Amino acid sequence: MSDPILEVESLKVAYGRVQAVRDVSFTVPEGGLVALVGANGAGKSSVLAAVSGLIRPGSGRVRLGGEDVTRCPAHRRIAAGLVLVPEGRQILGTLTVAENLLLGAHRRRRQAAPESEMYDLFPVLAERRALPAGSLSGGEQQMLAIARAMIARPRVVLLDEPSMGLAPKMVDEVFAVIEKIRASGVTVVLVEQNARRALRAADTGHVLETGEIAHSGPASELLQDPRVVKAYLGVE
Ligand SMILES: Nc1ncnc2c1ncn2[C@@H]1O[C@H](COP(=O)(O)OP(=O)(O)O)[C@@H](O)[C@H]1O
Ligand SMILES: [Mg+2]
């Protein structure tokens with residue numbers, strides 16, 4: 001395994017008195033796909049928000065490529081290649097598909113990919129490039145949210161619940177795109193409530209319970225672990 005590109009050490013996040021993340025540590029090897037799974041409210045989004053710099057952790061450390069970015073603002077982490085696709089997509093509905101992509105490229109000007117490259121990766125967006133993003137289906141909006149991150153040519157992409165609320169066919173398409181991203185060499189941290197799908201796609205998994213990592217291991221082993229199966233996977 002190569003050196004970790006992302007290291008999260010003893011992360012703690014609180015909202016007032018609510019301890020959302022109690023003590024979370026994990027590392028992500030370059031080119032790897034790590035899944036963070038767990039119930040609603042377990043702290044998954046809070047981990048990604050702290051890793052991406054949207055919120056300041058109470059304590060702990062985040063390193064990107066060996067460099068401590070714990071105190072860096074979010075825009076500097078993006079410039080360094082650490083890009084979040086937030087929960088709920090958060091695309092700008094009144095702007096066109098192309099304009100949303102441009103905003104993603106603007107966040108990482110020098111390294112950004114040409115718009116056309118995103119249309120090759122996401123053909124559905126090519127047909128819709130001049131339409132307001134708000135007119136797209138939920139699945140198409142998710143593709144746009146991922147494309148807006150990918151146009152910045154990230155080293156690490158953090159995906160927060162990309163399959164949430166999507167029809168089964170779109171869920172398949174989102175996971176196919178995740179596979180493509182990973183095949184292109186980009187490191188992926190995938191947060192999902194759809195634990196089975198996420199663990200099938202991942203090399204390594206961590207199960208979050210009330211702000212702490214309860215189980216960790218190779219994703220293939222977690223898929224067989226009776227405790228994980230019982231609590232998170234159930235019958236298929
Ligand atoms: N902005 C916020 N203010 C107060 N509490 C929050 C906020 N965001 C999340 N929480 C709380 O922090 C805990 C973890 O939330 P979150 O990180 O969103 O979990 P997950 O993404 O796993 O569903 C939950 O108890 C949630 O209610
Ligand atoms: Mg969440």
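Above: the structure in question.
Everything quoted here is computed from the prediction, not taken from an experiment.

> I'd love a proper account of the pattern of salt bridges, names of residues and values included.
Overall, the coordinates contain 11 salt bridges when judged by the stated rule. With a shortest N-O distance of 3.2 Å, Glu9 and Arg63 are connected by a salt bridge. Placement of the pair is Glu9 in strand β1 (residues 4-15) and Arg63 in strand β4 (residues 59-64), with a sequence separation of 54 residues. Taking relative accessible area as the criterion, Arg63 reaches 22% and is therefore assigned partly exposed. In this structure, the salt-bridge partner of Glu115 is Arg129, at a minimum N-O distance of 2.8 Å. Of the two residues, Glu115 is situated in helix α4 (residues 115-121) and Arg129 in the loop between α5 (123-127) and α6 (138-150); the sequence distance between them amounts to 14 residues. Glu115 gets classed as partly exposed once you look at its relative accessible area, which sits at 22%. The network of salt bridges with shared partners includes Glu7, Glu9 and Arg63.

> Before we move on, could you go through the layout of surface pockets and cite the residues and values that matter?
When its volume is computed, the largest pocket comes out at roughly 250 Å³. Lining the largest pocket, in full, are His75, Ile78, Ala79, His106, Arg107, Arg108, Arg109, Arg110 and Gln111. Per-element accounting of the lining of the largest pocket gives the leading share, three residues, to helix α2 (residues 74-79). The class makeup of the residues in the lining of the largest pocket is two nonpolar, three polar and four charged. Roughly 200 Å³ of volume is contained in the second largest pocket. In this structure, the second largest pocket is lined by 13 residues; those nearest its centre are Leu54, Ile78, Leu84, Pro86 and Arg107. Those elements giving two or more residues to the lining of the second largest pocket turn out to be α2, β6 (82-85) and α6. Per-element accounting of the lining of the second largest pocket gives the leading share, four residues, to β6. Among the residues making up the lining of the second largest pocket, the classes are represented as nine nonpolar, two polar and two charged.

> Describe the coordination of the magnesium ion (ligand 2), with residues and values.
Bound to the magnesium ion (ligand 2) on the protein side are Ser45 (OG) and Glu87 (OE), at distances that span 2.1 to 2.6 Å. Taken together, the residues Ser45 in helix α1 (residues 44-52) and Glu87 in the loop between β6 and α3 (97-106) connect sequence positions 42 residues apart. Taking the relative accessible area as the measure of exposure, Ser45 reaches 26% and is therefore partly exposed. Judged by relative accessible area, which is 30%, Glu87 ranks as partly exposed.

> Go over the site of ligand 1, please, and point to the residues and values.
By nearness alone, every residue bordering ligand 1 is listed as Tyr15, Ala20, Ala39, Asn40, Gly41, Ala42, Gly43, Lys44, Ser45 and Ser46. In this structure, an oxygen atom belonging to ligand 1 sits 2.5 Å away from a side-chain N or O atom of Ser46. A total of 560 Å² of accessible area belongs to ligand 1 in isolation, and the protein chains cover 60% of it. At three residues, the largest contribution of residues to the shell around ligand 1 is made by α1. In the shell around ligand 1, the residues fall into four nonpolar, five polar and one charged.

> A description of the pairing of strand β8 (residues 187-192) should follow, citing residues and the corresponding values.
Of all six residues making up β8, six are buried, and the element is well covered by its neighbours. Taking every second residue as pointing to the same face, both faces of β8 are buried, with Thr187, Val189 and Val191 on one and Val188, Leu190 and Glu192 on the other. Bridge analysis of strand β3 (residues 33-38) against β8 gives five bridges, and the strand direction is parallel. The residue of β8 that forms the bridge with Ala35 is Leu190. Pairing analysis gives five bridges linking strand β7 (residues 156-160) to β8, with the strands arranged parallel.

> Describe the environment of Ile181, listing the residues and the values that go with them.
With respect to the helices and strands, the residue Ile181 is situated in helix α7 (residues 168-183). Along the sequence, Ile181 and Met118 sit 63 residues apart, while their C-alpha atoms lie 11 Å from each other. The contacts of Ile181, once residues within four sequence positions are left out, are Ile146, Met150, Val157, Val186 and Val188.

> I'd like a description of the packing of α3 against α6, backed by residues and values.
In helix packing, the relevant descriptors are the interaxial angle and the interaxial distance, both defined with respect to the helix axes. As a packed pair, α3 and α6 sit with axes 7 Å apart at the nearest point and diverge in direction by 35°. Considering only the axes of α3 and α6, their crossing is right-handed. Counted together, Val97, Asn100, Leu101 and Gly104 of α3 and Leu144, Ala147 and Arg148 of α6 form the full contact between these two elements. The residue makeup of the contact of α3 with α6, split by class, is four nonpolar, two polar and one charged.

Quick notes on the rules
Residues numbered from 1 in each chain as written. Chains lettered and ligands numbered in written order. Predicted model: local features only at pLDDT ≥ 70, side-chain atom pairs only at ≥ 80, totals over all residues. Heavy atoms only, no water. Salt bridge = Lys/Arg side-chain N within 4 Å of Asp/Glu carboxyl O. Helix = DSSP H or I, 4+ residues; strand = E, 2+ residues; numbered from the N terminus. Buried < 20%, exposed > 50% of the residue type's maximum accessible area, 1.4 Å probe, protein only. 1 Å grid on protein atoms, 1.4 Å probe; cavity = no way out; pocket = protein on both sides within 12 Å on 5 of 7 lines; lining within 4 Å. Points joined across faces, edges and corners; volume = space filled by probe spheres on them. Nonpolar A, V, L, I, M, F, W, Y, C, P; charged D, E, K, R; others polar. Donors = N, O, S within 2.8 Å, 3.2 Å for Na, K, Ca; no water. Near = heavy atom within 4 Å. Polar contact = N/O pair within 3.5 Å; in protein donor to acceptor, adjacent residues only side chain to side chain. Areas by Shrake-Rupley, 256 points an atom, 1.4 Å probe, with all protein chains shown as cover. Pairing = 2+ DSSP bridges. Contact = heavy atoms within 4.5 Å. Axes fitted to C-alpha atoms, helices over the stretch in contact; angles between N-to-C directions. Left-handed = near helix turned anticlockwise from the far one by under 90°.

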